[in-house]
Amino acid sequence: MNTQSAPTTSTPGKGNLKTIVSAVAAIVVIGAIALDTKVVQIGSANDVRQQAFSPETFGAEQFPKIQADVEKRAVAASDLAAAIAADKKAAGEKYGVATSTGPVIPVTLSGTFGARKSNTNEMKIDGLPPETVVRVQTGPAVNGTDLRDATGTIEFGQFTNQIQYQDAGSAINNEMKKTVFAGLDPDQLDGKTATVIGVFKLINPKNWLVTPVKVDVR
C-alpha cells in the first residue's frame, strides 16, 4: 500500500510578516543611533581637534603673559644679592615663586657679557660680589622650566599628564627664543654691555643660571 504525503504549503502572509518585523527592528535601531549621535561642526568648541592640547599654541599664548609678569616683578641684581646674603629663605619667599626644588626669582641684570660656553654667556654684573657667577641662557638650547614656573599660575593639575606639563615648559622656552633671541648673535656678545631681565631658580646663591625674557644689548 502506497501512501503519499500531502504537499506542504506555507501559511499565507507568514513570510511577509517576518519581513515587516525585521524592517521595523531596523528602523528602531537606526532611530536609537540617530538619537545618540551628536553633530559637531568643524572648528566649533566641541570639535575634538580643537580640544587636543597644542604645546605650540600654549607657548604662544603664555609667553607674553610670563614676560610681562617677570618684567613687572624683576628685582635689581644688587638688591637681590644683598637680600639673599642676609637671609636666603626670606629672600626667596619675598621675591620668588616656590617650586619643589627652590624658588624661581625674577631679576634685572645690568653688566657686561663675557665668554660663551654650553649655550650660555657669563655676565659680570655691576654691584654683585665677585664670587657670584651669573650665566645667561643664550641658546640655541634653553634648558629648564623656570619660565613655566615663574608666575605660579601654570600648575600640573591643568594638564592631562606629566608629558603635557613638560611639553608646556618646552613650548614656552621655544616661544621665548623666537621673541628674545631674534637678531641676537650669542657668539658676538663677549665684551658688550647689556640689560637682561629674566628668572633663575635659587638653589646655589653664588651660581645664577638666568633664563631671559628680555635682552637689550648696547
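For the structure, see preceding data.
Report follows, based on the coordinates.

The rules behind the values
Residues numbered from 1 in each chain as written. Predicted model: local features only at pLDDT ≥ 70, side-chain atom pairs only at ≥ 80, totals over all residues. Heavy atoms only, no water. Helix = DSSP H or I, 4+ residues; strand = E, 2+ residues; numbered from the N terminus. Contact = heavy atoms within 4.5 Å. Salt bridge = Lys/Arg side-chain N within 4 Å of Asp/Glu carboxyl O. Buried < 20%, exposed > 50% of the residue type's maximum accessible area, 1.4 Å probe, protein only. Phe/Tyr/Trp six-rings, centres within 6.5 Å; stacked < 30°, edge-to-face > 60°. Pairing = 2+ DSSP bridges. Core = buried A, V, L, I, M, F, W, Y, C linked by side-chain atoms within 4.5 Å. Axes fitted to C-alpha atoms, helices over the stretch in contact; angles between N-to-C directions. Left-handed = near helix turned anticlockwise from the far one by under 90°. Nonpolar A, V, L, I, M, F, W, Y, C, P; charged D, E, K, R; others polar.

### Some details on the environment of valine 210
- Examined against the element boundaries, valine 210 turns out to sit in strand S6 (residues 207–217).
- Between the C-alpha atom of valine 210 and that of isoleucine 197, which follows or precedes it by 13 residues, the distance is 8.6 Å.
- Setting aside chain neighbours within four positions, we find valine 210 in contact with Val107, Leu109, Val134, Arg135, Val136, Gln137, Gly198, Val199 and Phe200.

### Details of the pattern of salt bridges
- Under the definition given, this model contains 6 salt bridges.
- Two residues, glutamate 93 and lysine 89, come together in a salt bridge whose shortest N-O distance is 2.6 Å. Residue glutamate 93 and its partner lysine 89 are both found in helix H5 (residues 88–95); the two are separated by 4 residues, about one turn of the helix.
- Residue classification places glutamate 93 among the exposed residues on the basis of a relative accessible area of 55%.
- Since its relative accessible area comes to 59%, lysine 89 is described here as exposed.

### Re the packing of aromatic side chains
- The full count for this structure, using the stated rule, is 6 aromatic pairs.
- Ring centres of phenylalanine 53 and phenylalanine 58 lie 5.8 Å apart, and the angle between their planes is 55 degrees; on these two criteria the pair is classed as tilted.
- By relative accessible area, phenylalanine 53 is classed as partly exposed at 28%.
- Judged by relative accessible area, which is 13%, phenylalanine 58 ranks as buried.
- Ring geometry for phenylalanine 156 and tyrosine 165: centres 5.5 Å apart, planes at 70 degrees, overall edge-to-face.

### Observations concerning the pairing of S6
- The pairing of strand S4 (residues 133–137) with S6 spans 4 bridges and is parallel. Bridge pairing links arginine 135 to leucine 209 in S6.
- Bridge count between strand S5 (residues 193–201) and S6: 6 bridges; the pairing is antiparallel. Looking at S6, one finds that isoleucine 197 is bridged to lysine 214.
- With antiparallel pairing between neighbouring strands as the criterion, S5 and S6 make up a hairpin whose turn holds 5 residues.

### With respect to the nonpolar core
- Core analysis: the biggest nonpolar cluster contains 43 residues, and Leu109, Phe200 and Trp208 have the highest contact counts within it.
- Among all residues touching phenylalanine 200, those that are not within four sequence positions of it are Leu80, Ile84, Pro103, Val104, Ile105, Val107, Asp146, Trp208, Leu209 and Val210.

### Quick look at the environment of threonine 132
- Topologically, threonine 132 is positioned in the loop between strand S3 (120–125) and S4.
- Its relative accessible area of 14% is what places threonine 132 among the buried residues.
- Setting aside residues up to four positions removed in sequence, threonine 132 forms contacts with Pro205, Lys206 and Trp208.

### Regarding the side chain of asparagine 173
- For asparagine 173, the position within the fold is in helix H7 (residues 162–180).
- Residue asparagine 173 is classed as buried on the basis of its relative accessible area, which comes to 4%.
- When sequence neighbours within four positions are dropped, the list of residues in contact with asparagine 173 reads Val142, Asn143, Gly144 and Leu147.

### A closer look at the side chain of glutamate 175
- For glutamate 175, the location among the structural elements is in helix H7.
- Judged by relative accessible area, which is 17%, glutamate 175 ranks as buried.
- In contact with glutamate 175, not counting residues within four places along its chain, are Gly59, Ala60 and Phe63.

### Focus on the packing of helix H3 (residues 55–73) against H7
- Direction vectors running N to C along H3 and H7 enclose 65 degrees, while the axes themselves pass 8 Å from each other. In terms of crossing hand, the pair formed by H3 and H7 is right-handed. Residue-level contacts link Pro55, Glu56, Phe58, Gly59, Ala60, Gln62, Phe63, Ile66 and Gln67 of H3 to Asp167, Ala168, Ala171, Ile172, Glu175, Met176, Thr179 and Val180 of H7.
- Residues of the contact of H3 with H7, tallied by class, amount to 10 nonpolar, 4 polar and 3 charged.

The values reported here are purely geometric and, on their own, carry no functional implication.
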